[in-house]
Amino acid sequence: MRPLITNAWFNRIAAPVGVATFVLIAWQFFCRQRGIPVYLFPAPTDIALKLAAEWPSLLTALMSTLEVTFEAFFLAVLLGSLTAFLFVQSQAIAISLYPFAVLLQVTPIVAIAPLIIILVKNTQVALTICATVVAIFPIISNTTVGLAAVDPGLLAYFRMNKASRLQTLIRLRIPSALPYFLAGLKISSGLALIGAVVAEFVAGTGGRNAGLAYDILQSGLQLDIPRMFAALLLIAVTGVLLFTLMAGLSHLALGHWHESGMGNEK
């Protein structure tokens, strides 16, 4: 029976934890040795104390940001996948519409977010749209490439057996695209979080449903730098957890049959 925790998995955890521990100790020593004021650059202990003291309000803000993130991620996966399916069915449609998908990717969200917030009266919906715009391109790009990257021999076999477009899509193209799609999920999940935070910055909405971006803005104005760092820490940890979740999903889906998943099992 294979052990639950292998050396490879232990090293994957131990190495980053060791580096993080060293950086935190050096950071703490530098701040205390130099006597840097907490309102300029707080030490890790200052951030930890602030995080513990104001955890309820920071958690509420995190939940608000996560709500926008998950809504945008769901929409990006749904709309991006449907768009990729459409692209692979018609080369004319792909040639006509793919440049507009690229346009969404290269346009800074801070440039169009104010327009979206003005046009959409519901702030929550506007934030979700902004985050979706940021997160959707990796799904479209990766899934389109995966759906098109099928084995020519298998595609010829399906055509020889007079398989319909739908049968070819479900039984050949989608299984072939799964590794590409899951790779897109890893990128898109982080971009959905970034899009949510950037949209909150632009909107500047406060009140009960304010997200972490509003906390960062307010903390900066009030020179409450430890709270600002605590909010940034929550965003960073959330991003890492989202990526880890998508990586775990990819391993579960691909670990037993695709080389990209089996490569980790050493």
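Here, the structure is the one placed above.
To start, this report covers the structure provided alongside it. (Residues numbered from 1 in each chain as written. Predicted model: local features only at pLDDT ≥ 70, side-chain atom pairs only at ≥ 80, totals over all residues. Heavy atoms only, no water.)

What follows concerns the overall build of the chain. Regarding its fold elements, the chain presents 11 helices and 0 strands. Along the chain direction, N to C, the helices and strands of the chain fall in the order α-α-α-α-α-α-α-α-α-α-α. Classification of the 266 residues of the chain by burial places 37% in the buried group. Across the chain, every contact between residues at least 6 apart in sequence was considered, and the portion connecting residues at least 24 apart equals 71%. (Helix = DSSP H or I, 4+ residues; strand = E, 2+ residues; numbered from the N terminus. Buried < 20%, exposed > 50% of the residue type's maximum accessible area, 1.4 Å probe, protein only. Contact = heavy atoms within 4.5 Å.)

This paragraph deals with the packing of aromatic side chains. Per the counting criterion, the structure on display carries 6 aromatic pairs. Grouped by ring-pair contacts, the aromatic residues Trp27, Phe41 and Phe229 constitute a single cluster. (Phe/Tyr/Trp six-rings, centres within 6.5 Å; stacked < 30°, edge-to-face > 60°.)

Attention now moves to helix H6 (residues 123-148). For H6, which comprises 26 residues, the first-to-last C-alpha distance of 38 Å matches the rise-based estimate of 38 Å (1.5 Å per residue) to within 8%. Within H6, 20 of the 26 residues are buried, which leaves the element mostly enclosed by the surrounding structure. Measuring from the side-chain oxygen of the N-cap residue of H6 to the backbone nitrogen of Gln124 gives 3.0 Å; that N-cap residue is Asn122. (Expected span 1.5 Å × (residues − 1). Polar contact = N/O pair within 3.5 Å; in protein donor to acceptor, adjacent residues only side chain to side chain.)

Where helix H3 (residues 55-89) contacts helix H4 (residues 91-106), the axes come no closer than 5 Å and their chain directions differ by 125 degrees. Taken together, the axes of H3 and H4 lie oblique to each other. Where H3 approaches H4, its residues Leu86, Phe87 and Gln89 are matched on the opposing element by Gln91, Ile93, Ala94, Leu97 and Tyr98. (Axes fitted to C-alpha atoms, helices over the stretch in contact; angles between N-to-C directions. Parallel < 35°, antiparallel > 145°, perpendicular 65-115°, else oblique.)

Take Gln105: it is sitting in helix H4. With 33 residues separating them along the chain, Gln105 and Pro138 place their C-alpha atoms 8.8 Å apart.

Turning to the nonpolar core, a few remarks are in order. The biggest cluster of nonpolar side chains holds 30 residues, and the ones touching the most others in it are Ile109, Cys130 and Leu185. Elements with a minimum of two residues in this core: H3, H4, helix H5 (109-119), H6, helix H8 (165-203) and helix H10 (225-254). Non-local contacts of Leu185, meaning those with residues more than four positions away in its chain, are made with Phe73, Val77, Ile139, Met246 and Leu249. (Core = buried A, V, L, I, M, F, W, Y, C linked by side-chain atoms within 4.5 Å.)

This brings us to the pattern of salt bridges. Using the criterion set out here, one finds 5 salt bridges in the structure. Residue Glu54 is joined to Lys50 by a salt bridge in which the shortest nitrogen-to-oxygen separation is 3.2 Å. For Glu54, a relative accessible area of 22% corresponds to the partly exposed category. Ionic pairing is found between Arg227 and Asp215, a salt bridge with its closest N-O pair at 2.7 Å. Pair noted here: Arg227 is in helix H10 and Asp215 is in helix H9 (residues 212-221), with a separation of 12 residues, a long-range link. Each member of the pair Arg227 and Asp215 is classed as buried. Here the residues in one salt-bridge network are Lys50, Glu54, Asp215, Asp224 and Arg227, joined through shared partners. (Salt bridge = Lys/Arg side-chain N within 4 Å of Asp/Glu carboxyl O.)

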